[in-house]
Amino acid sequence: MAEQKSIIIIDDHPLFREGLKTIISRDDRFKVVGEAGSGHEGLEMTKRLKPDLVVVDISLPDQSGIQLTRDLRRHFSETKILIVSMHSKIDYIAEAFQAGATGYVVKESASERLLQGLKSVAKGDYYLDSSVSHAVVENLMKSPLKAAKITDADYATLTPREQEVMRFLAEGLSSKAVAEKLFISPKTVENHRANIMNKLGLHSTIELVRYAAKLGLIDVDLWKD
Amino acid sequence: MDDLKISSNTEINLYRLIQEGLWNIKKHAEAAKVTIKLVASFPNIILRIEDDGKGFNVKERLTAASKEKRMGLRSMEERVSLLDGKMKIHSRPKEGTKVFIEVPYKEKKRG
């Protein structure tokens, strides 16, 4: 049998802890090695027992489970954290994962999903309670695509020479004029142009200009000055 | 941009330019939105800082700034010229401001 994963439960309700323990005891791959009723106590216990996993209630008497998650993450990067929560609101879920938890189970569904969650989290995967995943996906679909694009993957495939040529073309220079600027033949410029269009999926000079403007290569306002 | 080999001098100066640009916007522009674009265009890097704030009259401002020994834009221009680059500002009252900076990222061969 594989080594048992040790677990600490941090929740201020003794009855609920009891319940979680009972659920966990159904699977002999897991073993509850400690219980804590507050964030402070939980942190101390984690320091002492170095468990593989910590199950954290999102609302604790002395601090939020999210804050505790951050602290645990910072001090014990090896320990995996699964949040159990009354809340199925997306804000809590996002915050929990941002704080460093890798699992999230709603208390209502703990009896069916806790073990599943622990297994995923122990493996290093993320686990999100399927009873909230519907709301999460809906929320993702509502939020607008990020305006900031970190890199333009297509543009990044251009060679330095192609970047140079593209800029001149976008500024309105003819192939001949570009050729003269770069001391190459117009034929070569034409080849570069074809490669650029191909790499960027463009079909006309207008599209090339638009692409260049969007990227910030050219700017009509600043031309005039 | 990721694979670009930029000298640390250019790197730190671009960073400062963005910082100064944002600071100017915060201090003066009353903008709701700022866009920063950084694009490699061999052999240069283009940095654009644009805001939708209240704008200003560039010529008047620069003249006044040099008289009053104000730092903001002047120090950005200084930085850019140290990098052998160029800087342009386009702004009109009520139309926001665009700062365009272009600096070479390749170390120039000397001698």
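Residues numbered from 1 in each chain as written. Chains lettered and ligands numbered in written order. Predicted model: local features only at pLDDT ≥ 70, side-chain atom pairs only at ≥ 80, totals over all residues. Heavy atoms only, no water.

Engineer: Give a description of the overall build of chain B that names residues and reports values.
Structural biologist: For chain B, the helix and strand inventory stands at three helices and four strands. When the helices and strands of chain B are listed from N to C terminus, the series reads α-β-β-α-α-β-β. Here chain B, with 111 residues, has 41% of them falling under the buried criterion. Within chain B, contacts between residues at least 6 apart in sequence are counted, and of these 60% link residues at least 24 apart. About 7100 Å² of surface is accessible on chain B, with carbon and sulfur atoms providing 51% of the total. (Helix = DSSP H or I, 4+ residues; strand = E, 2+ residues; numbered from the N terminus. Buried < 20%, exposed > 50% of the residue type's maximum accessible area, 1.4 Å probe, protein only. Contact = heavy atoms within 4.5 Å. Areas by Shrake-Rupley, 256 points an atom, 1.4 Å probe, with all protein chains shown as cover.)

Engineer: Give a detailed account of the nonpolar core, specifying residues and quantitative values.
Structural biologist: Membership of the largest hydrophobic core comes to 24 residues, with the highest contact counts inside it found for Tyr 155, Met 166 and Leu 217 of chain A. Secondary-structure elements contributing two or more residues to this core are α8 (160-170), α9 (175-182), α10 (186-200) and α11 (205-215) of chain A. No other element matches α8 of chain A, which puts five residues into this core. Setting aside chain neighbours within four positions, we find Leu 217 of chain A in contact with Tyr 155, Met 166, Arg 167 and Ala 212 of chain A together with Val 39, Ala 40, Ser 41, Ile 46 and Arg 48 of chain B. (Core = buried A, V, L, I, M, F, W, Y, C linked by side-chain atoms within 4.5 Å.)

Engineer: Report on the interface of chain B and chain A, specifying residues and quantitative values.
Structural biologist: The interface is formed by 16 residues belonging to chain B together with 16 residues belonging to chain A. For the pair chain B and chain A, the summed buried surface comes to about 1500 Å²; carbon and sulfur atoms form 47% of the total. Looking only at chain B, the three residues that lose the most surface to chain A are Phe 42, Arg 48 and His 90 of chain B, adding up to 34% of its buried area. In this structure, the connection of chain B to chain A is made through three salt bridges. One salt bridge in this structure joins Asp 219 of chain A and Arg 48 of chain B, with 3.6 Å as the shortest N-O distance. (Buried area = accessible area lost by both parts, 1.4 Å probe. Salt bridge = Lys/Arg side-chain N within 4 Å of Asp/Glu carboxyl O.)

Engineer: Please set out the packing of aromatic side chains residue by residue, giving values where relevant.
Structural biologist: All names here are of chain B. Per the stated rule, a full pass over the model turns up two aromatic pairs over all chains. Ring geometry for Phe 42 and Tyr 105: centres 6.3 Å apart, planes at 75°, overall edge-to-face. Highlighted residues: Phe 42 in the loop between β1 (34-41) and β2 (44-51) and Tyr 105 in the segment after β4 (97-104), separated in sequence by 63 residues. Looking at Tyr 105, the relative accessible area reads 7%, which means it is buried. (Phe/Tyr/Trp six-rings, centres within 6.5 Å; stacked < 30°, edge-to-face > 60°.)

Engineer: Any chance you could break down unusual backbone geometry for me, citing the residues and the numbers?
Structural biologist: Residue and element names in this part refer to chain B. Here the bond from Phe 42 into Pro 43 is cis, since omega is 0°, no more than 30 degrees from zero. Mapped onto the fold, Pro 43 is located in the loop between β1 and β2. For Glu 30, which is not glycine, the phi dihedral falls at a positive 55°. For Glu 30, the position within the fold is in the loop between α1 (8-29) and β1. Looking at Glu 30, the relative accessible area reads 64%, which means it is exposed. The phi torsion at Lys 94 lies on the positive side, around 70°, for a residue other than glycine. Following the sequence through the fold, Lys 94 ends up in the loop between β3 (86-91) and β4.

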